[in-house]
Amino acid sequence: MPFELVEGVVRQELLDGAPLSDLFITFDKEPLGAASIAQVHKASLLDGRVVAVKLQRPNVEPKLLGDVANLKRISKALAKSLPVDYYTVFSELGEALVNELDFLSEASAMRKISYAVSHCNDGTPAEPPVTIPLPIGELVSKRVLVMDFVSGTPLNKLQETMKERGIEPGSAEGKVAGRRILNSLSSAFGRMIFGAGFIHGVSFYLAYSMYMLVPKCALSQFANWDPSL
């Protein structure tokens, strides 16, 4: 997405058309990451806090929901010829997309998950085993979400990063780091499932930060799943 378009979306959603400088000291033109629905930029607020700004691509919602509506129409017409009830599948997909396309809903999920991982299953407060980036104040709209910036290494690059730091796969230090990551994630998801009953639904998005062999995981991309549904 061209930066002019990025700037326009943020100004429209958060600043009522005012310039970015009214809210940000810096705003990186190149995205940290981009996907089909949204992309994320690193920025700094006027108070110096470094943040991540997630913004939805313009017009992506009607396109996606229109595609789902077409799939529902086709699956309904061909229902007798299909081995599975695809109409129900696509209906549920449409409902999930409506939720995923609303960043106000995502901000709410971030707060719920932060609470879930910082409490034991019986509701008593506890040290969170993972870091949860949170939305920044009221800097959230349906299409833009400003959140804590968490620096780390994606799990798919962990082995390479450990080698750069002199930690070989299979070494004692590597095994310690691996166990700590596994324990952190197991504890976090255990609290979500058996405590809050509200879980982080995109577990393949993880960041890993390593400080003197003390790993700290961070969860991102806050789709969610409520087992009561």
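Please read all numbers here as calculations on a predicted model, not as lab measurements.

(A) Expanded view of the nonpolar core. Membership of the largest hydrophobic core comes to 20 residues, with the highest contact counts inside it found for F24, F27, V51 and V53. It is helix 1 (residues 3-14) that provides the largest number of residues to this core, a total of five residues. Setting aside chain neighbours within four positions, we find V53 in contact with V10, F24, F27, Q39, V40, H41, A43, V144, L145 and V146. With 17 residues, the next largest nonpolar core counts I113, V130, L158 and F189 among its residues.

(B) Spotlight on the packing of helix 2 (residues 60-77) against helix 3 (residues 86-100). At a closest axis distance of 8 Å, the pairing of helix 2 and helix 3 adopts a crossing angle of 165 degrees. In this view, helix 2 runs roughly antiparallel relative to helix 3, as classed from their interaxial angle. For the element pair helix 2 and helix 3, the recorded crossing hand is left-handed. Across the interface between the two elements, L64, L65, V68, L71, K72, S75 and K76 of helix 2 pack against Y86, Y87, F90, S91, L93, G94, L97 and V98 of helix 3. In terms of residue class, the contact of helix 2 with helix 3 is built from 10 nonpolar, three polar and two charged.

(C) Main features of the confidence of the model for the protein chain. With 87% of its residues at a pLDDT of 70 or more, the protein chain shows a mean pLDDT of 87. For the protein chain, the element scoring lowest by mean pLDDT is strand 10 (residues 206-211), at 42; strand 1 (residues 24-27) scores highest, at 98. Residue range residues 204-214 is modelled with pLDDT below 50. Its contacts to residues more than four positions away, or to other chains, number 36 contacts. Segment residues 224-229 is flagged for pLDDT under 50; beyond a separation of four residues in sequence, or across chains, it makes 12 contacts in the model.

(D) Up close: the environment of L134. Relative to the elements of secondary structure, L134 occurs in the loop between strand 5 (130-131) and strand 6 (135-140). You can call L134 partly exposed: its relative accessible area is 28%. Separated by 20 residues in the primary sequence, L134 and S114 have C-alpha atoms spaced 7.8 Å apart. For L134, the contacting residues outside a window of four places in its chain are M110, R111, S114, V146, M147 and D148.

(E) Summary view of the packing of helix 4 (residues 103-117) against helix 6 (residues 172-196). The geometry of helix 4 relative to helix 6 is characterised by a closest axis approach of 8 Å and an angle of 100 degrees between their N-to-C directions. Classified by the angle their axes make, helix 4 and helix 6 are roughly perpendicular. Facing helix 4, whose interface residues are I113, A116 and V117, helix 6 presents A188, R191, M192 and A196. Each residue belonging to the contact of helix 4 with helix 6 can be placed in one class, and the counts come to six nonpolar, no polar and one charged.

(F) Here's a closer look at the packing of aromatic side chains. Enumeration according to the criterion identifies three aromatic pairs in this entry. Plain terms: the ring middles of F24 and F27 are 5.2 Å apart, the flat faces sit at 80 degrees to each other, and that makes the pair edge-to-face. Just as F24 is buried, F27 falls in that class too. One aromatic cluster in this structure is built from F3, F24 and F27. When the ring centre of Y87 is taken as reference, the NZ or CZ atom of K76 above it lies at 5.5 Å.

Conventions we followed
- Residues numbered from 1 in each chain as written.
- Predicted model: local features only at pLDDT ≥ 70, side-chain atom pairs only at ≥ 80, totals over all residues.
- Heavy atoms only, no water.
- Core = buried A, V, L, I, M, F, W, Y, C linked by side-chain atoms within 4.5 Å.
- Buried < 20%, exposed > 50% of the residue type's maximum accessible area, 1.4 Å probe, protein only.
- Helix = DSSP H or I, 4+ residues; strand = E, 2+ residues; numbered from the N terminus.
- Contact = heavy atoms within 4.5 Å.
- Axes fitted to C-alpha atoms, helices over the stretch in contact; angles between N-to-C directions.
- Parallel < 35°, antiparallel > 145°, perpendicular 65-115°, else oblique.
- Left-handed = near helix turned anticlockwise from the far one by under 90°.
- Nonpolar A, V, L, I, M, F, W, Y, C, P; charged D, E, K, R; others polar.
- pLDDT = per-residue confidence, 0-100.
- Phe/Tyr/Trp six-rings, centres within 6.5 Å; stacked < 30°, edge-to-face > 60°.
- Lys NZ or Arg CZ within 6 Å of the ring centre and 35° of its normal.

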